[in-house]
Amino acid sequence: MIELSVTGGIAEIVLNAPKKLNALNEEALAELSRAYDDAEAAGVRALLLRGEGRAFCAGRDISAVDPANDDAYAYLGDLVTPLLKKMAAFPAPTFAAAQGACLGVGLGLLVATDVVYVAEDAKIGSPFANLGATLDSGGHWLFTERLGAHRTLDLIYTADLMSGAEAVAAGLFSRAFPADELLDSTRAIVERVASGATGAFRASKSLVAQIRDSRVGLWTAMEAENTAQGELCRTKDYAEGFSAFIDKRKPVFQG
């Protein structure tokens, strides 16, 4: 179900079970975890996650789940959460191109990705009111952080879904594209980032994670930025970027 390709320093991971809307079972989660390991071992400079077919990921594959004996905590705590932590800690910039349904664990995959681009008609929200379950995989954090408590509970209580365009307008994700332009537009951005100063990007990724996870104050964050910049100013990419700016030419970064 999970496919990985590496070309020109860019990893592309594809959820490829379109008949199941790329829903994830235990085996698929393990495959996805290995794909991230393999991409990291390859030393890629950027990573793109996408889903094949009309949905990005409809969440957990519940086709073989016995509700009477299901251990949702084990599925989430032992399988999903470790995967999302691994995804969030991936050393290079990560991107997702998400179309159609982005629900449950599928939404969690987006929470764990640095930059998310969605199709304008994507479907995002919490369908769990219809299942007698609750939003999981980081969904509560994402919605409360970016939408506020009232909108979060509205979506959870009603199971209404937001379109990709609405989600971007509300600040949930970065950009929305027409569905037929989503993948090409995302790939073009990923290629641009992969040719950039990825050492500096890694520093920014770490700084954003620190600010987000610990809610540090302005001055603490600024000191962390100062430290990172002090380390970066000794790198070749830093020198190349400044030299190119002075020379009025396009920089050639080595990562």
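The structure we're discussing is the one just above.
Reading guide: rules and limits
- Residues numbered from 1 in each chain as written.
- Predicted model: local features only at pLDDT ≥ 70, side-chain atom pairs only at ≥ 80, totals over all residues.
- Heavy atoms only, no water.
- Pairing = 2+ DSSP bridges.
- Helix = DSSP H or I, 4+ residues; strand = E, 2+ residues; numbered from the N terminus.
- Axes fitted to C-alpha atoms, helices over the stretch in contact; angles between N-to-C directions.
- Phe/Tyr/Trp six-rings, centres within 6.5 Å; stacked < 30°, edge-to-face > 60°.
- Buried < 20%, exposed > 50% of the residue type's maximum accessible area, 1.4 Å probe, protein only.
- Lys NZ or Arg CZ within 6 Å of the ring centre and 35° of its normal.

Colleague: Which parts of the structure should I look at to understand the sheet that holds strand 2 (residues 10-15)?
Modeller: Backbone-to-backbone hydrogen bonds join strands into a sheet, with any given pair of strands oriented parallel or antiparallel. In space, the six strands of this open sheet follow the order 1-2-3-4-6-9, with mixed pairing throughout. The open sheet terminates on both sides in strands that have one partner only, identified here as strand 1 (2-7) and strand 9 (175-177). The average undirected angle you get between the axes of adjacent strands in this sheet is 20°. In terms of strand pairing, strand 1 meets strand 2 through six bridges, oriented antiparallel.

Colleague: What is the right way to look at the packing of aromatic side chains in this model?
Modeller: We describe a pair of aromatic rings using the distance from one ring centre to the other and the angle between the two ring planes. Summed over all chains, the structure comprises three aromatic pairs. Centroid distance Phe95 to Tyr117: 6.1 Å. Interplanar angle 40°. Geometry classified as tilted. With a gap of 22 residues between them, Phe95 in strand 4 (residues 94-98) and Tyr117 in strand 6 (residues 115-119) connect regions that are remote in the sequence. For Phe95, a relative accessible area of 5% gives the class buried. Each residue in the set Phe95, Tyr117 and Phe177 is aromatic and connected to the rest through ring pairs, giving one cluster. Positioned over the ring face of Tyr75 is Arg60, at 3.9 Å from the centre of the ring.

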